[in-house]
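Descriptive analysis of the structure
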Amino acid sequence: MTGFFDFEVFKKDWLVVFIGQDDSEIVVWNDPAVLKKALAKFDCLVGFNNYFYDDLILTGIMSGYNNYEVWKLSNAIVNGGNIENKIKNIARKLPSLDTKQELAPSLSLKEIEANLGMNIVETPISFNLVRALTDDEFDEVVKYCRHDVETTKKLFLLRKDYFESKFDICKEFKLDKLDVRKTRANLASKVLKCSKDRLPAGVLENADKGLHPKTGEDDGNPANGSENNGFSAGFDHSNEVCFEADSTHGHDNKEFREFFERWKEAIADTERCEKS
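Counting from 1, residues in each chain are numbered in the order their sequence is written. Owing to the predicted nature of the model, reporting of local features is limited to residues with pLDDT of at least 70; listing and counting of side-chain atom pairs is limited to 80 or more, with chain, interface and lining totals taken over all residues. Computation of side-chain values: all heavy atoms of the structure, hydrogens and water removed.

Take the packing of aromatic side chains next. Note on ring pairs: Phe, Tyr and Trp rings are taken, using the six-membered ring of Trp, and paired if centres are within 6.5 Å. Classes follow the plane angle, with under 30 degrees stacked, over 60 edge-to-face and the rest tilted. Inspection of every chain in the model, using the stated rule, returns 10 aromatic pairs. Each ring, one from Phe-156 and one from Phe-163, has its centre 5.3 Å from the other, and the planes form 35 degrees; the classification is tilted. Three exposure classes are used, based on accessible area relative to the maximum for each residue type with a 1.4 Å probe and protein chains only: buried under 20%, partly exposed in between, and exposed over 50%. On the accessibility criterion, Phe-156 (2% relative accessible area) is buried. Between Tyr-162 and Phe-163, the aromatic rings sit 5.0 Å apart at their centres with planes inclined by 75 degrees, giving edge-to-face as the arrangement. The class of Tyr-162 is buried, set by a relative accessible area of 6%. An aromatic cluster is present here, built from Phe-5, Phe-7, Trp-14, Phe-18 and Phe-42 joined pairwise through their rings. The criterion is that NZ of a Lys, or CZ of an Arg, lies within 6 Å of the ring centre and within 35 degrees of the ring normal, and then a charge sits over that ring. The ring of Tyr-162 carries Arg-159 above its face, with NZ or CZ at 4.2 Å from the centroid.

Okay, structure coming up:
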């Protein structure tokens, strides 16, 4: 099942809201064990800007970060601070899709909500709180977070053709499962076996300008592929994401074909649930 999600992080608290393609909802508050059980329900996660925020937060929590460390990680992401390479490397292996991919870099979820005629009111709870959330504050943040997840789900459906085109490219050319995280330009580059060595002299002089301003990651290529895919959402003994760890070797096999069929069917199921 596809799950849509969004994290909110405070100094003493973190929480995440998941909404399934069937509109089922799971809210997790400061509990990594419950988070792990929730993740086991999903084959794929879909967020907004999650390649550069939520996937990193998820990885930090599942790597054993305490609440204060998660808050420090959040600040590092937002303010362009240092992020552990281990966290970045694991996050790149998550089977997730980012609905912001290939949209204008400055486009915010609130702008999208406004264009869709949705509520754009921000949460009244300050993210600068130095104490733990009260129960009432938690409820208020969940309401705000839920609204953003619902918007993410709508945006995913509006961009259905975009994601399906990437699935089709990966399936047609027998690419790695996690290549669906790449942009279409980078997928084309991989299919055509492009190499920097073949570029004219001087082309790469300003190559760093394509990097994400806060994470230093390549906006167009947030994933390099992995042998550990799926989504039972645990961490193996080397602290890497274990997501069913099917370790598919070679791409022309039944598991690979079923992977993309399942994702495309998940999109169709989501669309049917939305219309019903």
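Back to the text.
This part takes up the environment of Lys-154. Each helix corresponds to a stretch of at least 4 residues labelled H or I by DSSP, and each strand to a stretch of at least 2 residues labelled E; elements are numbered beginning at the N terminus. Tracing the backbone shows Lys-154 in helix α6 (residues 135-158). It is 9.6 Å that separates the C-alpha atoms of Lys-154 and Glu-113, two residues lying 41 residues apart in sequence.

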